[in-house]
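# Understanding the architecture of this molecule
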Amino acid sequence: MDTQQHKAMLLKSAVVSIHDVMPSTLPQVEEVIHFLHAHKVRTFTLLIVPGKEWTDSQIRQLKKWQDNGAELAGHGWKHRISGQKSAWHSVHARVISRNEAEHLSRTKQEIAEIICRSYHWFQQVGLTEPFLYVPPTWAMGSLPRKDLFRLPFDFYETLTGVFDVRSNTHRYMPLTGYMSDTAIRTQSLKVLNAVNLAWPVGPCRVAIHPDDLYFPLRPDLSRHLARFDRFMTYSDIIGGAHDE
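Attention here is on the structure that accompanies the text. (Residues numbered from 1 in each chain as written. Predicted model: local features only at pLDDT ≥ 70, side-chain atom pairs only at ≥ 80, totals over all residues. Heavy atoms only, no water.)

## Concerning the side chain of His19
Heads up, the rule is: Per the convention used, a helix needs a DSSP run of H or I reaching at least four residues, while a strand needs a run of E reaching at least two, with both numbered from the N terminus. Polar contacts, as used here, are pairs of N or O atoms within 3.5 Å; protein pairs need one atom able to donate a hydrogen and one able to accept it. Residues neighboring in sequence count only if both atoms are side-chain atoms. Here a residue-residue contact requires only that any non-hydrogen atoms of the pair lie within 4.5 Å.
You can see His19 is positioned in strand S1 (residues 13-21). Only 3.2 Å separates the side chain of His19 from the side chain of Ser17, close enough to count as a polar contact. When residues no more than four places from it in sequence are discounted, the contact partners of His19 are Leu47, His75, Trp138, Ala207, Ile208, His209 and Pro210.

## Comments concerning a nonpolar patch on the surface
Short version of the rule: A patch consists of residues exposed above 30% relative accessible area that lack any salt bridge, with like charges linked at up to 9 Å and nonpolar side chains (Val, Leu, Ile, Met, Phe, Trp, Tyr) linked at up to 5 Å. Residue burial considers only the protein chains on display, and all accessible areas are found by Shrake-Rupley using a 1.4 Å probe. The salt bridge criterion pairs a side-chain nitrogen of Lys or Arg with a carboxyl oxygen of Asp or Glu, the two atoms within 4 Å.
The grouping of Val191, Val195, Trp199 and Val201 at the surface amounts to a nonpolar patch, some 340 Å² of accessible area in total. Along the chain, Trp199 falls in the loop between helix H6 (183-197) and strand S9 (204-208).

## A word on the packing of aromatic side chains
Worth spelling out the cut-off: Pairs were defined over the aromatic rings of Phe, Tyr and Trp, the Trp ring being its six-membered one, requiring ring centres within 6.5 Å. Orientation was assigned from the angle between planes: stacked under 30 degrees, edge-to-face over 60, tilted for the rest. With a 1.4 Å probe rolled over the protein chains alone, any residue whose accessible area is under 20% of its type maximum counts as buried; one over 50% counts as exposed, and the rest are partly exposed. A positively charged side chain is recorded as over a ring if its NZ (Lys) or CZ (Arg) lies within 6 Å of the ring centre. The angle to the ring normal must also be within 35 degrees.
As enumerated under the stated definition, the model contains 10 aromatic pairs in all. Aromatic pair Tyr119 and Phe153: ring centres 5.1 Å apart, planes at 85 degrees, arrangement edge-to-face. Residue Tyr119 is found in helix H5 (residues 108-124), and its partner Phe153 is found in the loop between strand S4 (132-133) and strand S5 (155-157); the two are separated by 34 residues along the sequence. Tyr119 sits in the buried class, given a relative accessible area of 17%. On the basis of relative accessible area, Phe153 is assigned to the buried category, the value being 1%. By the ring-pair criterion, three or more aromatic residues cluster together here, those being Tyr119, Tyr133, Phe153 and Tyr156. The ring of Trp77 carries the charged tip of Arg117 above its face, separated from the ring centre by 5.4 Å. One cation-aromatic arrangement involves Arg145 over Phe163; the distance from NZ or CZ to the ring centre is 4.3 Å.

Here's what the structure looks like:
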């Protein structure tokens, strides 16, 4: 396959992720998975929040999904902030992240500890260790990129795309979201999604949160999924970048 054919294929491809997978959201997550299956999407990534009160049966459910082909990724530790917020964090929380940007207002050492704790939890509970880490609300905080090389994950996702530690490369990837729980978010996401779906670089990241099926943009999510010919894993995408 030549470069132009490969790029054309990627423009029609997507990687689907389900965010905020934790004990309290498992029923909604299961509903989202059924929704994806109904749209012929069986390749997706589950973003796991490890630092919650997981029961053995809930861990078994994660393992079942993993055994059936779902990729698992680390997604913070508690997915909630604690302690005082910096001035920037206060603005970020009011406009974007509410109380979920766990990395912000923490030192780089504290952020590194969150990432390491998240990674090692998977092995401790009998799950295959993930290669991808997605900070809550995609906010990495004060941890510089050079510090990622001493941390356990291979890939780190932010708002703009995915950084591959192994090759020291960043791949830009457009992003769509559907957490339209307010009128302002609904209109903002409609505009941002339209821009990202038209972006001449692929594949597209489709980010779904557990309650998105109950929000106004559910029809948009269905239409957007129907646009894609292929659903890929993160390892497929990063691997393809190395071949170009």
